[in-house]
Amino acid sequence: MQTSAIILAAGAGKRMKSNTNKVLHNLCGRPLVEHVIRACQAIGISSFYVVIGRDAALVQERLGEEYTYVLQAEQLGTGHAALQVEPSYRGEEHVFVLCGDAPLITGATLDKMRQIHLAEAADATVLTAIFPEPGDYGRVLRDDAGQVCGVVEAKDATPEQRAIKEINTGFYCFRGDKLFAALRQLTNDNAQGEYYLTDVIQVIHQSGGRVASCLLEDNDESLGINDRIRLAQAEGILRRRIRNRLMLEGVTFLQPETCLVDDTVTIGQDTIIYPGVMLEGNTSIGKNCIIGPYTRLENCQVGDDVTIEFSVAREAMIGDSCIIGPYAYLRPQTELAAGVKVGDFVELKN
């Protein structure tokens, strides 16, 4: 099946209070939007349309040239953003539409959505979740037969609709032709004066189309990053996932919750990570190492059987069986051959 993904990444992100575009904020070694793209790539999607707006050139530079970029010159809503893709659309039969500021979505969930979408021969499939306190999330509306018939934004909802616990996560899978046909019918007659992507669901349902739903199993995956508080929440969740994955691969963490490990880091089997360790960037650690306590490695290549205590290293290459620290500092371009010992309070560079 031909499947592509539209990534909505044009929002201004005013609540971040930042000069950095929201989707470019770092989360465990990657920009927010890259986590969404990688979830798609995990299920074999290789065709992407990234809708950009503010700081468009910076977003394009950070992500690279392998994607189709579409400019939303005016911020007129998520429906308007998705419609900008139509002139560039290459006709894939099915297309995901995903939020670029929701980095916790997983490939497993997207695959589940796709399987439901195909099994039910749906024109649209919505990822929903049950929240005891839905707050400002859009509510999912169902008809008398229990089928999804629409989504109403919280600001436009009646008191009865606001009492609904099933929310729209902002993740969808569509038949491509049905999506663009519905987008062309949208109006901005709502509380915010915007063209809502959510209104596409009602348009498709009213035209006789089939709308399916997929219930999210882990509500954490729906977390959208609107401010620094939510960014910190996502950081905690993702770092826990990373540590758990590494432990299942054979790495020991003596006090996992104290360690910060980026998504870009690799660690070999039987390596022991002591408390307070920070592993950042493109750091690779071999097998049977002892790292820490309170060691920070950034963009370092570490061999097997290495011991590092209470030390900092940046852009260093450390050979097998080296012993470093305590309290050593390896500055960029340091290269240690196998078996080198670097004692306490030593600083090396180049």
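For the structure, see preceding data.
The next subject is the pattern of salt bridges. If you walk through the whole model with that rule in mind, you get 21 salt bridges. A salt bridge links D111 to R114; its shortest N-O distance comes to 3.4 Å. Remark: R114 and D111 occur in helix α4 (residues 107-119); sequence separation between them is three residues, near one turn of the helix. Classification of D111 by relative accessible area gives partly exposed; the value is 27%. Residue R114 is classed as buried on the basis of its relative accessible area, which comes to 13%. The shortest N-O distance in the salt bridge between E235 and R239 comes to 2.6 Å. Of this pair, E235 and R239 both sit in helix α8 (residues 228-248), separated by four residues, roughly a single helical turn. Overall, R239 belongs to the buried group, its relative accessible area being 9%. Through salt bridges that share partners, R30, E34, R38, R245, E249 and D263 make up one connected network.

A separate point is the packing of aromatic side chains. Evaluation of the coordinates by the stated rule reveals nine aromatic pairs. Measuring from centroid to centroid gives 6.3 Å for Y294 and F310, while their planes differ by 20°, and the two rings are stacked. You can see Y294 sitting in the loop between β18 (290-291) and β19 (296-298) and its partner F310 sitting in the loop between β21 (307-308) and β22 (312-314), a full 16 residues away along the chain. Here Y327 and F345 contribute two aromatic rings whose centre-to-centre distance is 5.3 Å and whose plane-to-plane angle is 15°, an arrangement assigned as stacked. Of this pair, Y327 sits in the loop between β24 (323-324) and β25 (329-330) while F345 sits in the loop between β27 (341-342) and β28 (347-348); the two residues are 18 residues apart in sequence, bridging distant segments of the chain. Owing to a relative accessible area of 44%, Y327 belongs among the partly exposed residues under this scheme. Residue F345 is classed as exposed on the basis of its relative accessible area of 65%. One aromatic cluster is present, formed by Y294, F310, Y327 and F345 through successive ring pairs.

About the thresholds
- Residues numbered from 1 in each chain as written.
- Predicted model: local features only at pLDDT ≥ 70, side-chain atom pairs only at ≥ 80, totals over all residues.
- Heavy atoms only, no water.
- Salt bridge = Lys/Arg side-chain N within 4 Å of Asp/Glu carboxyl O.
- Helix = DSSP H or I, 4+ residues; strand = E, 2+ residues; numbered from the N terminus.
- Buried < 20%, exposed > 50% of the residue type's maximum accessible area, 1.4 Å probe, protein only.
- Phe/Tyr/Trp six-rings, centres within 6.5 Å; stacked < 30°, edge-to-face > 60°.

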